[in-house]
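# Inside the fold
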Amino acid sequence: MNPFFALLMRDIRLAVRQGGGGGMAVGFFLIVVSILPLGVGPDLNLLARIAPGLLWVALLLSVLLSLDRMFHADYEDGTLDLLATGPLPLTLVVIAKMLAHWITTGLPLVIAAPVLGVLLNLDTQAFLPLMLTMLVGTPALNFLGAIGAALTLGVRRGGLLISLLVLPLYVPVLIFGVGAVDAVLVGPSPFGSPFLILLAITLVSAVISPVAAAAAIRLNLD
Amino acid sequence: MFDYYANPARFMKLSGALLPWVSGLTVIVLAVGLYWGLVLAPADYQQGETVRIMFIHVPAAFMGTACYGYIALASAISLIFKHPLADVAAKSAAPIGAAFAFLALMTGSLWGKPMWGAWWVWDARLTSMLVLFLLYMGYMALWQMIEEPIQAGRAAAILGLVGAINIPIIKFSVDWWNTLHQPASIVKSGGPSIHSSIGIPLAIMFGAYVLIFSSLILAAMRAEILRRKVRNMRLAQAEGGYHG
């Protein structure tokens, strides 16, 4: 089996068997979405209006908190050193890890989102657009987050630092993701424009992040 | 010349000689610009006297954005050419750029209250400026949290380049989105649309802010070079042990 798929399957298997990755992210997603109405009040009309934004912000935070699972475990036990000197170029190693992370953490969040949308009285016609935007947006969140995770590999207690580095990069994804869903619910503007820009952001980050993250990993391995 | 001043000692000599002159020039140009803009220039027919905040606000916003471009350029030079002083330059520029961005946000807020009736609106220009400020914060935090200067420099260079995508977004945000903030009036197709009685003091203030940046960055780079020298001396002393 070629090294890329071997690494991909290894990471998926580890995440599924060790547990915690996808399950905890969805759990955190659920908790945040549950406490938000406790904060803003139970008015269903208000919740329906702000549901896309709240769901996207909760998604952002869930992805953020799961980011240090991407590289840190392998960094700490030395696997990353082996992978860096192995037959697979480090950029492809990073892509495999990001992909595995998205499959095990991002996809469950996307599937959970409409269910949690019910808690926030999200309009049913927005369920499909929401899932679609999150399906396209979560890879971008993972890719951009990988840069932050790779940069903070050597930093002890760097949890907040990852958030500080990565959240400004998440802002365009958030703006266009929510914009696309709102376009379906409210606006006269079409769903297509923000959605296509979101797709563009994902594609650009898919190209830039492996390079940047690989450089950062190489830097931290020295 | 690029490589000649890569030697920190030569850079210290050059910057030491330049710094008093640049600082002096800064004070003069800033004084002229402030007096001309805040006192002499005519009041706006629509906004009255509050338009004078523009002389502080606009150059600060420009410098905030330009400093991040400077950091991105220095980061690229640091990563590609491994120029020894490039990451020193980037590290020194960050607090200055963050201060300019913060000044722009604050003065903009003070201007917005009488003009728009709100201290803050979430329109494209303000939001992207705020994101720029957050990028500065993250950049400075990364420098802080990595102990070894060379390693920190490379990590910060990667972050600096990744964040540079925000710069064109800020510049063009007022054109791409319908926003409350004034669209471009200086660098746009068709040339600037400001009358010279306000345009000239504004240009002087731009120059003053660039000079402020120049003197501050020279001083900050000198301080950073000395800081690294002290660190190296301390490490050498620790390694030297008890026979030093």
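The structure under discussion appears in the preceding block.
So, a few notes on the structure that sits alongside this text. (Residues numbered from 1 in each chain as written. Chains lettered and ligands numbered in written order. Predicted model: local features only at pLDDT ≥ 70, side-chain atom pairs only at ≥ 80, totals over all residues. Heavy atoms only, no water.)

All names here are of chain B. Tallied over the full model, the rule gives 8 aromatic pairs over all chains. When the centroid spacing of 5.5 Å and the interplanar angle of 25° are considered together, the rings of Phe 100 and Tyr 209 count as stacked. Taken as a pair, Phe 100 in helix H3 (residues 86-116) and Tyr 209 in helix H7 (residues 196-240) lie far apart in primary sequence, 109 residues in all. Across this residue pair, the class does not change: Phe 100 and Tyr 209 are buried. (Phe/Tyr/Trp six-rings, centres within 6.5 Å; stacked < 30°, edge-to-face > 60°. Helix = DSSP H or I, 4+ residues; strand = E, 2+ residues; numbered from the N terminus. Buried < 20%, exposed > 50% of the residue type's maximum accessible area, 1.4 Å probe, protein only.)

Attention shifts here to the environment of Asp 87 of chain B. Residue and element names in this part refer to chain B. You can see Asp 87 is positioned in helix H3. Of the residues examined, Asp 87 reaches a relative accessible area of 8% and is grouped as buried. Discounting chain neighbours no more than four positions away, the residues touching Asp 87 are Ser 78, Trp 143, Pro 149, Gly 153 and Arg 228. (Contact = heavy atoms within 4.5 Å.)

Here Asn 121 of chain A, not a glycine, exhibits a phi torsion of approximately 60°, which is positive. Along the chain, Asn 121 of chain A turns up in the loop between helix H6 (90-119) and helix H7 (127-151). A positive phi angle, near 55°, is found at Lys 82 of chain B, a position not held by glycine. Here Lys 82 of chain B lies in the loop between helix H2 (54-80) and H3. What makes Lys 82 of chain B exposed here is its relative accessible area of 56%.

The next subject is the interface of chain A and chain B. Listed by partner, the interface residues are 18 residues for chain A and 18 residues for chain B. Across the chain A/chain B interface, buried area totals approximately 1,600 Å², and carbon plus sulfur atoms make up 85% of it. By the criterion of area lost to chain B, the three top residues of chain A are Leu 151, Pro 168 and Leu 219 of chain A, representing 33% of everything that side buries. On inspection of chain A and its partner chain B, the count reaches 0 salt bridges. Residue composition of the side of chain A that touches chain B, grouped by class: 14 nonpolar, 1 polar and 3 charged. (Buried area = accessible area lost by both parts, 1.4 Å probe. Salt bridge = Lys/Arg side-chain N within 4 Å of Asp/Glu carboxyl O. Nonpolar A, V, L, I, M, F, W, Y, C, P; charged D, E, K, R; others polar.)

Our next topic: the packing of helix H3 (residues 44-66) of chain A against H7 of chain A. Residues and elements named next belong to chain A. At their nearest, the axes of H3 and H7 sit 11 Å apart, and the two run at 30° to each other. As summarised for this structure, H3 and H7 are arranged roughly parallel, according to the angle between their axes. Judged by the sense of rotation from one axis to the other, the crossing of H3 with H7 is right-handed. Touching Leu 55, Trp 56, Leu 59, Leu 60 and Val 63 of H3 are Leu 130, Thr 133, Met 134, Gly 137, Thr 138, Leu 141 and Asn 142, all from H7. When the residues that make up the contact of H3 with H7 are grouped by side-chain class, the tally is 8 nonpolar, 4 polar and no charged. (Axes fitted to C-alpha atoms, helices over the stretch in contact; angles between N-to-C directions. Parallel < 35°, antiparallel > 145°, perpendicular 65-115°, else oblique. Left-handed = near helix turned anticlockwise from the far one by under 90°.)

The next subject is the packing of H6 of chain A against helix H9 (residues 192-221) of chain A. All names here are of chain A. At their nearest, the axes of H6 and H9 sit 8 Å apart, and the two run at 110° to each other. Relative to H9, the element H6 lies roughly perpendicular. The hand of the H6/H9 crossing is right-handed. Of the residues in H9, those in contact with Leu 90, Thr 91, Val 94, Ile 95 and Met 98 of H6 are Ser 209, Pro 210, Val 211, Ala 213, Ala 214, Ile 217 and Arg 218.

Residues and elements named next belong to chain A. By the secondary structure assignment, Thr 104 is in helix H6. Using a relative accessible area of 13% as the deciding quantity, one classes Thr 104 as buried. Polar side-chain contacts of Thr 104 include one of 3.4 Å to the backbone oxygen of His 101. Contact partners of Thr 104, with chain neighbours within four places excluded, come to Ile 12, Ala 15, Val 16 and Gly 22. (Polar contact = N/O pair within 3.5 Å; in protein donor to acceptor, adjacent residues only side chain to side chain.)

This brings us to the environment of Ala 76 of chain B. Residues and elements named next belong to chain B. By the secondary structure assignment, Ala 76 is in helix H2. Note: C-alpha distance between Ala 76 and Asp 87 (11 residues apart in sequence) is 9.5 Å. Aside from chain neighbours lying at most four places away, what touches Ala 76 is Phe 81 and Leu 161.

Turning next to the environment of Ala 96 of chain A. Structurally, Ala 96 of chain A can be placed in helix H6. Along the sequence, Ala 96 of chain A and Leu 8 of chain A sit 88 residues apart, while their C-alpha atoms lie 5.1 Å from each other.

A word on a nonpolar patch on the surface. Residue and element names in this part refer to chain B. A cluster of nonpolar residues, Ile 28, Val 32, Tyr 35, Trp 36, Leu 38, Val 39, Leu 40 and Ile 200, forms a patch on the protein surface that exposes about 740 Å² of accessible area. The biggest single contributor to the nonpolar patch is helix H1 (residues 8-40), with 7 residues. In this fold, Trp 36 is placed in helix H1. (Patch = residues over 30% accessible without salt bridge, like charges linked within 9 Å, V, L, I, M, F, W, Y side chains within 5 Å. Areas by Shrake-Rupley, 256 points an atom, 1.4 Å probe, with all protein chains shown as cover.)

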